[in-house]
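# Coordinates in review
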Amino acid sequence: MTTTAVPVTTRKDWSSDQEVRWCPGCGDYSILAAVQMLMPDLGVRRESTVFVSGIGCAARFPYYMNTYGVHTIHGRAPAIATGLAMARPDLDVFVISGDGDALSIGGNHLIHALRRNINITILLFNNRIYGLTKGQYSPTSERGKVTKSTPVGSLDRPFDPVSLAVGAEATFVARTHDMDRAHMQEMIRRAHAHRGASLVEVYQNCNVFNDAAFEGITSKENRGAMLIQLRHGEAIRFGAENEFGVFRLPDGGVVTDRVTSDNEAHVLVHNEHVEDPSLAFSLSRLTISDHEPTPMGVFRDVSSVEYGESASAQIVQQQSEKGLGDLASLFRSNGSWTVK
Amino acid sequence: MKQQDLSTLDSVVLRFAGDSGDGMQLTGERFTSVSALFGNDLATLPDYPAEIRAPAGTLAGVSSFQVQISNHDISTAGDTPNVLVAMNPAGLRANIGLLERGATIIVNIDAFDERSLAKAGYDENPLSDGTLGQFTVYEVPMTSLTTEVCKEAGVKPRDAERSKNFFALGLVSWLYSRPIESTNAWIEKRFAKVPMVLEANRRAFRAGYDFGETAELFDARYEVTAAPFPSGEYANITGNTALAWGLIAAAQKASLPLFLGSYPITPASDILHELAKHKEFGVRTFQAEDEIAGIASAIGASYGGALGVTTTSGPGLDLKSEAIGLAISLEIPLVIVDVQRGGPSTGLPTKVEQADLLHAMYGRHGEAPVPIVSAITPGDCFNAAFEAVRIAVTYRTPVLLLTDAYLANGTEPWLIPHPDDLPVVDPHFASAPNHVDDDGTEHFWPFQRDPETLARPWAPPGVPGLEHRLGGLEKADGAGTVSYDGRNHEKMSHLRADKVAGIVATIPDVEVDDPSGDADLIVVGWGGTYGAVATGVARARANGKKVAHVQLRHLHPFPGNLGDVLSRYAHVLVPELNLGQLSKLLRAEYLVNATSLSKMQGVPFRAAEIAAAIDDVLGGQ
Ligand code: SF4
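Note that the structure is a prediction, hence the values are computed from the model and not measured.

### A closer look at the overall build of chain B
Along chain B, the regular secondary structure elements total 20 helices and 24 strands. On C-alpha atoms alone, chain B measures out to a radius of gyration of 27 Å, which is about the 25 Å that the 2.2 N^0.38 rule sets for 621 residues. Each principal axis of the C-alpha atoms in chain B carries an extent, and together these give about 100 × 60 × 45 Å. In chain B, which comprises 621 residues, the share counted as buried stands at 61%. Of the contacts formed within chain B by residues at least 6 apart in sequence, a portion of 77% connects residues at least 24 apart. For chain B, the accessible area works out to roughly 23400 Å², and carbon and sulfur atoms hold 51% of it.

Here you go:
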């Protein structure tokens, strides 16, 4: 490993020469720009950075980054990244996924990567639709969604990616959206700095098949009233005039309510670091349907043993106990006899 | 006391049979180890049910272990047992059909009560109704004698009963003049943490041995002298262990860290278990959430510059198909081990079959060629694993390594190689740009191939200047960027196929075993049928037939001289534990009129079946 200082870079150094092929106006462009601009600030090297993706519009992302990258198969990116991160703990491994890729075909790999706490940074671009296959409903589409595959409305209850990740006891879970570059960068920066598996859900507009899915909450005019900014150590308040707050219910859930001088003292103070995932989960359940105030920011950030490090530590421990592996003794480890 | 005669046998086939909980596998393995140490050649065939504890006493719950020991070179566990040790009526009933007239049966008479007989489906007691007239039957009260000797040591009868397999082991150890010291030492070590069990097993073993000596029940005692092995040091290993060691050795010889991504599945799990024990070699084993993650993580590790391996069986191979396609497209080193078992679907999870050959060859969408290597004996799994790694690393390709349930659990004496004699495998990582543009700028082209092997450069992350993007989308020849151009796709399809076909340059020609040199018939086997085929061919020769034999290790590509070899023979007989998969490939590749000999019963061929098929083809010749 090199010990010299990380070279100073600009966005250009992190952009590949490949023509970007998303539809004009797609939210993916702003996420790509945010990431390319952020990379020079992360203190990482291009040659030690790997973007791994599955299948879907979002999955083309690695082609556009001038780093190492691999565009794999549908849903499997977290599993491939797990093997990579275990074999190469020195690398910065990012997983780029979408709602279909991460939550439908790859749901199993996602929850297991999160529960193991392997050191990867997962960016989940949630546009609530299947884009690359031209517009079928996805596991995050609202119930009753009319699409080509559901002409009279979808029947499934959607997944909330944050709820799912917190349910899998992910150690870092955040949400951001493609209309706010600074916030995206802040969330990705923190996710990258987190040791272990981190997941950032990015609300992303698919202007071709599901345009304005998040308009009601993320547009400039609606943000003030509809976005609940989560800030560690601060009372969770929102609204154009900051007139609303989040309160804890006796049953453990949370609700929003108008803040009055009577209840002001009881507004929930956000704490990212609670071991128990219940609070983060409750916060993720605030937004049961569309067009409801939606929390943005870091839901949960707790430290826990990182998987790849533990795997390496077992090797070191076994090597110090047994000595470095020796083939001659391995071949005799089940007993042997000599024929003269 | 009557002094029994000591007769010398060239070989003997023993079969231990009892309930799943009776410890038959352990008993068989112990007898095998002692015989190996003693210097016999041997081969084993474990045969156990898919259920961990099938209903006690029923046919479904019978667990058997067959071993042949001999004073000469053998390669199968024997067609028909000379001795059956039956711990209960079900063990007798399940195996009686395997025996030939004159065989010896030793039964645990204590287990032949009405209830157990009924559970095994016997209306009458076979020991008294005359049906066993053509066999020599010894009735030994194993359970009661075991509880008797254990009582003195304070072991409760219920616990003592569990040691009856050691009584059986002691008895056959006496009957076949096996040394007892090593078994005693093994018992001491294995049960050191449970002194009561240790004591019970030791006493039971001793009692069984003494029973043989003093009971005057047996007319004769036998010995099978040591076989003349080439000098050297030997270990008795199963195919799964040999395979795991082969992977460790090959990874070390390639200076690559070994990464196994795997999901538990019978009968492949023991490879995962063995590798998990050897972290001192830097081996990382990852028990993934499913079969797909098993191979996906291995691909990720290979991408990172490790030697990625995944192990599976049966339905697991189906699940890995898409990821194998990705590895083909990425052109990345990877070894996929398939321990073949009976299919389709869950099929016969613990039984042998060779029906995955065409899946290995063709079981992916698109033109997706992979090299296929097979192992021919348990010990040979070591060489086969090494060869699979060599091909994977040299040619940057996934390799399918086919073994089977028989090889996986079967054992044979294995000549321990000297680590220095194992070949070095060079991973030859890319270290610098390999392409210069017209304007003089340097680039790294991930699909700029080696002109000789057609292998592409392997450039794990970490090297400045070699940053590149790979993917499952078609890539432009050379530059490796995404390309939807039809002509490029055709070219890349040919290149991928040519690369795999070109492996033939580095695999040895087949060696034909044709002592007379003028045989009319060649028997072409592959993989784990080696022992039965070689033995069957030898028998046919002993009957005056002129027969040649070749056993294939490389199934894709075939060795370079195979076509010529086959063309020299009027008849080609292809025995396989499937419905004729290799014979189809041979017909397609070489236009030979191959005759298929198929068997699908979850057990290996018997040598006699091979010999009979040879007779059929050659008729009166
Ligand atoms: S289909 Fe939707 S998500 Fe895909 S590139 Fe077009 S706009 Fe973006």
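### Here we look at the interface of chain B and chain A
If you look at the interface, chain B gives 67 residues, while chain A gives 57 residues. Both sides of the chain B and chain A interface together cover about 5300 Å² of buried area, and 62% of this is carbon and sulfur. If you sort the residues of chain B by the area they bury against chain A, Glu280(B), Arg284(B) and Arg469(B) come out on top, with a joint share of 14%. Summed over the shared surface of chain B and chain A, the result is 28 residue pairs in polar contact (both at pLDDT 80 or more).

### Examining the sheet that holds strand E2 (residues 68-71) of chain A
Pairing is mixed across the open sheet formed by nine strands, whose spatial order is E7(A)-E11(A)-E5(A)-E6(A)-E4(A)-E3(A)-E1(A)-E2(A)-E19(B). Among the strands making up the open sheet, the edge pair consists of strand E7 (227-230) of chain A together with strand E19 (469-471) of chain B. The sheet shows a mean angle of 20° between the axes of neighbouring strands, direction not considered. Of the pairings in the sheet, the one linking strand E1 (residues 49-53) of chain A to strand E3 (residues 92-98) of chain A comprises five bridges and is parallel in character. Along E3(A), the bridge assignment pairs Ser53(A) with Ile96(A).

### Some details on the packing of aromatic side chains
Residue and element names in this part refer to chain A. Under the criterion given, the structure shown has 27 aromatic pairs over all chains. For the pair Trp-22 and Tyr-64, a centre-to-centre distance of 5.1 Å together with 75° between the ring planes defines the contact as edge-to-face. A residue pair is termed long-range when its members are at least 10 positions apart, and Trp-22 in the segment before helix H1 (27-38) and Tyr-64 in the loop between E1 and E2 qualify at 42 residues. For the pair Trp-22 and Tyr-64, one class covers both residues: buried. Geometrically, the ring pair formed by Tyr-203 and Phe-214 is stacked, given 4.1 Å between the ring centres and 10° between the ring planes. Of this pair, Tyr-203 sits in strand E6 (residues 198-203) while Phe-214 sits in the loop between E6 and helix H7 (215-218), and the two are 11 residues apart along the sequence. Owing to a relative accessible area of 4%, Phe-214 belongs among the buried residues under this scheme. Following the ring pairs from residue to residue traces out a cluster consisting of Trp-22, Tyr-29, Phe-51, Phe-61, Tyr-64, Phe-94 and Phe-125. Residue placement shows Arg-116 over the ring face of Tyr-307; its charged tip is 5.9 Å from the ring centre.

### Let's talk about the domain arrangement of chain B
All names here are of chain B. Each assigned domain of chain B is listed here: domain 1 (5-224), domain 2 (234-421) and domain 3 (521-618). When each unit is reduced to the centre of its C-alpha atoms, the spacing between domain 1 and domain 3 is 35 Å. Facing six residues of domain 1, the contacting portion of domain 3 comprises 10 residues. Here domain 1 and domain 3 share an interface that buries about 570 Å² over both sides, 51% of which is from carbon and sulfur atoms.

### Section: the sheet that holds strand E7 (residues 136-140) of chain B
Two modes of strand pairing occur in sheets, parallel and antiparallel, and in both the strands are linked by backbone hydrogen bonds. Residue and element names in this part refer to chain B. Strand order in this open sheet of six strands is E3-E4-E2-E5-E6-E7, and the pairing throughout is mixed. Every interior strand has two partners, whereas the edge strands, strand E3 (41-47) and E7, have only one. Strand after strand, the sheet turns through a mean of 15° between neighbouring axes, direction not considered. Sheet contacts for helix H1 (residues 24-38): strand E2 (11-19), E3 and strand E4 (62-70); angle to E4, the most-contacted strand, approximately 10°.

### What about the side chain of Glu331(B)?
All names here are of chain B. Considering the arrangement of structural elements, one finds Glu-331 in the loop between helix H12 (315-330) and strand E13 (334-340). Take Glu-331: its relative accessible area is 2%, and that puts it in the buried class. When near neighbours in sequence (up to four residues on either side) are disregarded, Glu-331 contacts Arg-396, Phe-447, Arg-449, Leu-454, Arg-456, Arg-496 and Lys-499.

### Some details on a nonpolar patch on the surface
All names here are of chain B. A grouping of Val-194, Met-196 and Val-197 is seen on the molecular surface, where their side chains present a nonpolar patch of about 230 Å² in accessible area. Looking at the secondary structure, you find Met-196 in helix H8 (residues 195-214). For Met-196, a relative accessible area of 45% puts it in the partly exposed group.

### Side note on the pattern of salt bridges
All names here are of chain B. Counting across every chain of the model gives 36 salt bridges over all chains. Its salt-bridge partner being Asp-47, residue Lys-351 comes within 2.5 Å of it at the nearest N-O pair. Taken together, the positions of Lys-351 in the loop between E13 and helix H13 (357-362) and Asp-47 in strand E3 put the pair 304 residues apart, joining distant regions of the chain. Judged by relative accessible area, which is 22%, Lys-351 ranks as partly exposed. Classification of Asp-47 by relative accessible area gives buried; the value is 18%.

### Re helix H16 (residues 486-501) of chain B
Residue and element names in this part refer to chain B. With 16 residues, H16 should reach 22 Å at 1.5 Å per residue; the first-to-last C-alpha distance of 22 Å fits that figure. Residues Asn-488, Met-492, Ser-493, Leu-495, Arg-496, Lys-499 and Val-500 constitute the buried set of H16. Taken around the axis of H16, the buried residues stretch over an arc of 160°, which confines them to a single face.

### Observations concerning the pairing of E6(A)
Residues and elements named next belong to chain A. Burial runs high along E6: six of the six residues are buried. Of the two faces of E6, the one carrying Ser-198, Val-200 and Val-202 and the one carrying Leu-199, Glu-201 and Tyr-203 are both buried. With six bridges joining them, strand E4 (residues 121-126) and E6 adopt parallel strand pairing. By the bridge assignment, Phe-125 is partnered in E6 with Val-202. Inspection of the sheet shows strand E5 (residues 172-177) paired to E6 by six bridges, in the parallel sense.

Parameters at a glance
Residues numbered from 1 in each chain as written. Chains lettered and ligands numbered in written order. Predicted model: local features only at pLDDT ≥ 70, side-chain atom pairs only at ≥ 80, totals over all residues. Heavy atoms only, no water. Helix = DSSP H or I, 4+ residues; strand = E, 2+ residues; numbered from the N terminus. Rg over C-alpha atoms; globule rule 2.2 N^0.38 Å. Buried < 20%, exposed > 50% of the residue type's maximum accessible area, 1.4 Å probe, protein only. Contact = heavy atoms within 4.5 Å. Areas by Shrake-Rupley, 256 points an atom, 1.4 Å probe, with all protein chains shown as cover. Buried area = accessible area lost by both parts, 1.4 Å probe. Polar contact = N/O pair within 3.5 Å; in protein donor to acceptor, adjacent residues only side chain to side chain. Pairing = 2+ DSSP bridges. Axes fitted to C-alpha atoms, helices over the stretch in contact; angles between N-to-C directions. Phe/Tyr/Trp six-rings, centres within 6.5 Å; stacked < 30°, edge-to-face > 60°. Lys NZ or Arg CZ within 6 Å of the ring centre and 35° of its normal. Domains from an automatic or database assignment. Patch = residues over 30% accessible without salt bridge, like charges linked within 9 Å, V, L, I, M, F, W, Y side chains within 5 Å. Salt bridge = Lys/Arg side-chain N within 4 Å of Asp/Glu carboxyl O. Expected span 1.5 Å × (residues − 1). Arc of directions from axis to C-beta.

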